[in-house]
Amino acid sequence: MSSHSPHKPVNAGRRHVLGALGASILAGGAGKAVAQSLGFPAPPAGLGKRPYPNLLRPMNDGPRKFGYAIVGLGKYAVNQILPAFAECEYAKVTALVSGDINKARRLGKHYGIEESHLYTYDNFDKIAQDPEVDAVYIILPNSLHADFTERSFRAGKHVLCEKPMAVTVEECQRMITAGKKAGKKLMIGYRCHFDPVTHKAIELARTSIGKPQIITTDNGDNTDPTDPTYQWRLTRSLSGGGALMDLGIYGVNGSRYMLNEDPIEVQATIMPPSDPMFREIDETIVWIMKYRSGAVAHGSASFNVNAMSRFNLQGTDASLRMDPATSYWCNSVSHCTTGDTHTWSTPMFTIPALNQFSAQLDHLAISVANNTPLAATGEEGMQDVRLIQAMYQSAHSGSRPVSTDWGDWRKTI
Ligand code: NAD
């Protein structure tokens, strides 16, 4: 471990760099008005302990950006995350970790990362001596998240880990404990929390639909078994589960986020596989989550449908619809009322485009610099894994209801 601590001078500098505008944006104050004047939705009230990220980041003219090491150079890392650093204000990529050093070299050349900041999975622990790396972003198959998170914390780095956080609740707990022991932050890659369209939907859910009653959410995609990115997804030991773990999680997390409430009971049914390639995991699953408020969410996830990403929330007075809801780009939200005449009225909203990936990468950097709360913590990620496990338990026991009345964890942390 290096005796050099990269964090202190960086943080001090950044606090200065953020200045009054940054501080107010991060705190909601005057920055809230700035954000609204630019067309971003207002942060909703009543989120309890759940922090609500401000999407506008003040310009960073400071001396040094927060450095990320990217672990796993697969599809998501290469196509979405690495290009997104170009639109970051506070973060940059400073190291790459791959099982294929030649791939790391190729990408390193493209992104200006020198050989001394390229690592393999075997020599990854040497990253502890790399002062350019403040955080490790883990974009590996799900079953590898826990081990690499623990190794990253042991190396003295902060961690951003992809969803689903891990394959078991025990692993999630280990990750949280390791972060606390290291005194470092653990964030989960819920990029939709940084999509202004999601923010608009939350604002509408709070202000313009009456009492939330029914959520419907469907997430799916086709599987190409010849593509390596699908091979680990079809292997339970690497993925921890199928369509629900990979895609249904958006509906599970989105329902909880939209209602600002955790379900007290879940139920699920896994359909028989239509092809032997799905024998180890859920190809298609349907589920229900019941809430104490009386709201109910029902959803589906499938690895054998044309791409779907839908989220509807029906309230007593109106509803909101998102389709697509959780895409990388071009999500949409509309507010639907029928009024006395039962004529559908569905105004669309023009919401400034914003790169979710860049906002997410900057969020951890800002949270570390200012010691402000994270929007998506390890506890948040663990709650989804816990609910998903309860759904699998239901599906494997004849779709019996499974109690998830574990208390409101947000009030206990
Ligand atoms: P991918 O298969 O394209 O990439 C995974 C990488 O891990 C590859 O480079 C592969 O070589 C490497 N790897 C290391 N050990 C491996 C092993 N034992 N088996 C298989 N691959 C191994 O997958 P991806 O789509 O980039 O997904 C990676 C992670 O990112 C997953 O946790 C996934 O859920 C998450 N993800 C999140 C989003 C999002 O929108 N937030 C989107 C896609 C993927």
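You'll find the structure just up there.
For clarity, every value in this text was computed on a predicted model and none was experimentally measured.

### Re helix H7 (residues 196-207)
In an α-helix, one turn spans 3.6 residues; hence positions three or four apart end up facing the same way.
Here's step 1: Taking 1.5 Å as the rise per residue, H7 with twelve residues should run 16 Å; its terminal C-alpha atoms sit 16 Å apart, in good agreement.
Here's step 2: Within H7, ten of the twelve residues are buried, leaving the element largely enclosed by the surrounding structure.
Here's step 3: Among the residues making up H7, those that are buried are Pro196, Val197, Thr198, His199, Lys200, Ala201, Ile202, Glu203, Leu204 and Ala205.
Here's step 4: Contacts made by the buried residues of H7 are with helix H10 (243-259), strand E11 (304-315), strand E12 (319-322) and strand E13 (333-336).
Here's step 5: The N-cap of H7, judged by a side-chain oxygen 3.0 Å from the amide nitrogen of Val197 a few residues on, is Asp195.

### Re the site of the ligand
Here's step 1: In the vicinity of the ligand lie 24 residues, with Lys75, Asn142, Lys163, Arg191 and Trp232 positioned nearest.
Here's step 2: Comparing atom positions with the cavity grids shows the ligand to sit within the largest pocket.
Here's step 3: Every element with two or more residues in the shell around the ligand is listed here: helix H3 (75-84) and H10.

### Things to note about empty space enclosed by the protein
Here's step 1: All told, the structure shown has two cavities of 30 Å³ or more when counted by the stated rule.
Here's step 2: A volume near 190 Å³ is recorded for the largest cavity.
Here's step 3: Counting residues per element, the lining of the largest cavity draws most heavily on H10, at six residues.
Here's step 4: Of the residues in the lining of the largest cavity, the class split is nine nonpolar, five polar and two charged.

### Describing the pairing of strand E1 (residues 66-71)
Here's step 1: For E1, the buried fraction is high: six of the six residues fall into the buried class.
Here's step 2: Neither face of E1 is left uncovered, since the one carrying Phe66, Tyr68 and Ile70 and the one carrying Gly67, Ala69 and Val71 both have all their residues buried.
Here's step 3: With respect to chirality, the unit in which E1 leads through H3 into the neighbouring parallel strand E2 (residues 91-97) is right-handed.

### Considerations on the environment of Ser302
Here's step 1: Structurally, Ser302 can be placed in strand E10 (residues 296-302).
Here's step 2: Ser302 sits in the buried class, given a relative accessible area of 2%.
Here's step 3: Contact partners of Ser302, with chain neighbours within four places excluded, come to Asn219, Gly220, Asp221, Ala243, Leu247, Glu283, Thr284 and Met308.
Here's step 4: At 2.9 Å, the side chain of Ser302 forms a polar contact with the backbone nitrogen of Asn304.

### Re the layout of surface pockets
Empty space among the atoms becomes apparent when a probe as large as a water molecule is rolled across them.
Here's step 1: Within this model, the largest pocket holds a volume of roughly 1,100 Å³.
Here's step 2: Forming the walls of the largest pocket are 41 residues, and the residues nearest its centre are Tyr76, Thr229, Arg233, Asp246 and Tyr328.
Here's step 3: At the level of secondary structure, the elements contributing two or more residues to the lining of the largest pocket comprise H3, strand E7 (212-222), helix H8 (228-231), H10 and E11.
Here's step 4: Counting residues per element, the lining of the largest pocket draws most heavily on H3, which supplies four residues.
Here's step 5: Along the lines of polarity and charge, the residues of the lining of the largest pocket split into 17 nonpolar, 14 polar and ten charged.

### Re the packing of H3 against helix H11 (residues 356-370)
Angle between the axes and distance between the axes: these two values describe a pair of packed helices.
Here's step 1: For the pair H3 and H11, the least separation of the axes is 8 Å and the interaxial angle reads 70°. Overall, the two elements H3 and H11 adopt an arrangement that is roughly perpendicular. As for the relative orientation of H3 and H11, their crossing is right-handed in sense. For the pair H3 and H11, the contacting residues are Tyr76, Gln80, Ile81 and Ala84 in the first and Phe357, Ser358 and Leu361 in the second.
Here's step 2: Along the lines of polarity and charge, the residues of the contact of H3 with H11 split into five nonpolar, two polar and no charged.

### A word on the sheet that holds strand E4 (residues 135-138)
Here's step 1: In space, the six strands of this open sheet follow the order E3-E2-E1-E4-E5-E6, with parallel pairing throughout. Looking along the sheet, the strands with just one partner apiece sit at the ends: strand E3 (118-119) and strand E6 (186-188).
Here's step 2: Of the strand pairs in this sheet, E1 and E4 are connected by four bridges, and their pairing is parallel. When the bridges of E4 are listed, Ile70 appears paired with Tyr137.

### Considering the nonpolar core
Most often, soluble globular proteins keep nonpolar side chains buried together rather than apart.
Here's step 1: Counting 76 residues, the largest nonpolar core has Met165, Met258, Leu313 and Met322 as its most contacted members.
Here's step 2: At nine residues, H10 tops the list of elements feeding residues into this core.
Here's step 3: Once you skip the residues sitting within four places of it in the chain, Met165 turns out to touch His145, Cys172, Met175, Ile176, Leu186, Ile188, Gly378, Gly381, Met382 and Val385.

How each quantity is defined
- Residue positions are counted from 1 within each chain, in the order its sequence is given.
- Reporting of local features is limited, given that this is a predicted model, to residues whose pLDDT is at least 70; pairs of side-chain atoms are given and counted only at 80 or more, and all residues count toward the totals for whole chains, interfaces and linings.
- Only heavy atoms go into the side-chain values, all of them from the structure, while hydrogens and water stay out.
- Under the scheme used here, helices are H or I runs from DSSP no shorter than 4 residues and strands are E runs no shorter than 2 residues, and both carry numbers assigned from the N terminus.
- Take the residue count of a helix, subtract one, and multiply by 1.5 Å to get its expected span.
- Residue burial is assigned from relative accessible area. The probe radius is 1.4 Å, only protein chains are included, and a residue is buried under 20% of its type maximum, exposed over 50%, and partly exposed in between.
- Should any heavy atoms of two residues lie within 4.5 Å, those residues are counted as being in contact.
- Polar contact is the term for a pair of N or O atoms within 3.5 Å; when the atoms are in protein, one must be able to donate a hydrogen and the other to accept it, and sequence-neighboring residues count only if both atoms are side-chain atoms.
- Neighbouring residues are identified by heavy atoms, a residue being near a molecule or strand if any of them is within 4 Å of it.
- In this analysis the probe radius is 1.4 Å and the grid spacing 1 Å, with only protein atoms considered; a cavity is a set of points the probe fits into but cannot get out of, a pocket is an open set with protein on both sides within 12 Å along at least five of seven lines, and lining residues have an atom within 4 Å of a point.
- Cavity and pocket membership follows a simple rule, namely that a molecule belongs there if more than half of its atoms are within 2 Å of the grid points.
- Grid points are joined across faces, edges and corners, and a volume is the space filled by probe spheres set on the points.
- Only Asp, Glu, Lys and Arg are considered charged, only Ala, Val, Leu, Ile, Met, Phe, Trp, Tyr, Cys and Pro nonpolar, and every remaining residue, Gly among them, polar.
- Call a crossover right-handed when, viewed with both strands pointing away from you, the route from the first strand across the helix to the second goes clockwise.
- The convention used is that axes are lines fitted to C-alpha atoms, helices contributing only their stretch in contact, and that angles between N-to-C directions extend from 0 to 180 degrees.
- Should an angle lie under 35 degrees it is considered roughly parallel, over 145 roughly antiparallel, and from 65 to 115 roughly perpendicular; all remaining angles are considered oblique.
- Each crossing gets its hand from how the near helix is turned against the far one by less than a right angle, where anticlockwise is left-handed and clockwise is right-handed.
- Pairs of strands are assigned from DSSP output, requiring at least two bridges between the strands.
- Each nonpolar core is a collection of buried residues, namely Ala, Val, Leu, Ile, Met, Phe, Trp, Tyr and Cys, held together in the definition by side-chain atoms within 4.5 Å.

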